[in-house]
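# Close look at the chain arrangement
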Amino acid sequence: MTTHNPNQHARLWSMLAFVFLFSSSPTSAGEARARADYMVHCQGCHVQDGSGFPGKVPDLRATLPLLISVEGGRAFLVRVPGSSQSALSDAGLAGVLNWMITNLTEGEEITGFTPYQPEEVTRYRATRLDDVFATRDALIGHLEGTDGRTTE
Ligand code: HEC
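Residues numbered from 1 in each chain as written. Predicted model: local features only at pLDDT ≥ 70, side-chain atom pairs only at ≥ 80, totals over all residues.

## Points about the site of the ligand
We count it as follows: A residue counts as near a molecule or strand when its C-beta atom, positioned from the backbone, falls within 6 Å of it. Helix and strand labels come from DSSP, where a helix needs a run of H or I of at least four residues and a strand needs a run of E of at least two; each type is numbered from the N terminus. Classes in brief: Ala, Val, Leu, Ile, Met, Phe, Trp, Tyr, Cys and Pro nonpolar; Asp, Glu, Lys and Arg charged; the others, Gly included, polar.
Contacts to the ligand come from 22 residues, most closely from C42, C45, P58, T63 and G82. Going through the elements one at a time, α3 (43–46), α4 (60–69), α6 (81–84), α7 (90–103) and α9 (132–141) are the ones with two or more residues in the shell around the ligand. Residues that form the shell around the ligand fall into these classes: 13 nonpolar, eight polar and one charged.

## Focus on α4
Note the following rule: Three exposure classes are used, all based on how many other C-beta atoms lie within 10 Å of a residue's own C-beta (placed from the backbone): buried at 20 or more, exposed at 12 or fewer, and partly exposed between those limits. What the arc describes is the spread of directions from the helix axis to the C-beta atoms. Each residue gets a C-beta atom placed from its backbone, and two residues are in contact if those atoms lie within 7 Å.
For α4, every residue scored as buried is listed here: L60, T63, L64, L67 and I68. The buried residues of α4 occupy an angular sector of 120° when the element is viewed end-on, so they sit on one face. For α4, the elements touching its buried residues are α3, α5 (73–79), α7 and α9.

## Focus: the nonpolar core
Formally: Working definition: the nonpolar core is a set of buried Ala, Val, Leu, Ile, Met, Phe, Trp, Tyr and Cys residues, joined through C-beta atoms within 7 Å.
Of all hydrophobic cores here, the largest spans 21 residues; its most connected members are Y38, L64, L77, L93, V96, L97 and M100. Sorting the residues of this core by element identifies α2 (26–41), α4, α5 and α7 as the ones contributing at least two each. Counting residues per element, this core draws most heavily on α7, at seven residues. Beyond its immediate sequence surroundings of up to four residues, M100 is in contact with Y38, G50, L60 and L64.

Set out below in structure tokens:
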């Protein structure tokens, strides 16, 4: 009988690798990157906390939870000009949208959000959104106080 079972070592190493992968920096590095991308590419219009400019740029704190929860909303968030026409790569845009949904909507109820993957962004981004407002109205326009346009 031996106490040095090579299989045990292999198991221990795979466990350590698992712990390492899920506790080390990639997640926070990705988050820092997404936050920086938001600051550079989006914050000028959407403001640091996502509140935007009343009548001009919608308050993302209110609209993201609504849009992500309706059918077609997931694609819309990628296809709006601010997202799709940004200089970000598909992976970068996926990261920023995930970051926005997680960080700008604190206090709002977002259940069962599956983070965007780069491939999903590529797919949605390939289709041009012809009429942003018509699409937006169809998705959440009937909900009071969510329209990004001026009301006059
Ligand atoms: C030049 C100003 C501007 C910039 C820069 C901008 N946006 Fe926007 N964004 C808007 C406006 C205005 C709307 C409302 C819909 C529209 O007119 O496109 C909007 C809407 C959105 C929406 C949908 C929310 C809603 O309620 O309609 C998302 C998601 C979004 N932007 C993401 C981004 C991301 C991600 C970036 C950065 C990569 C970005 N935007 C950069 C102005 C901007």
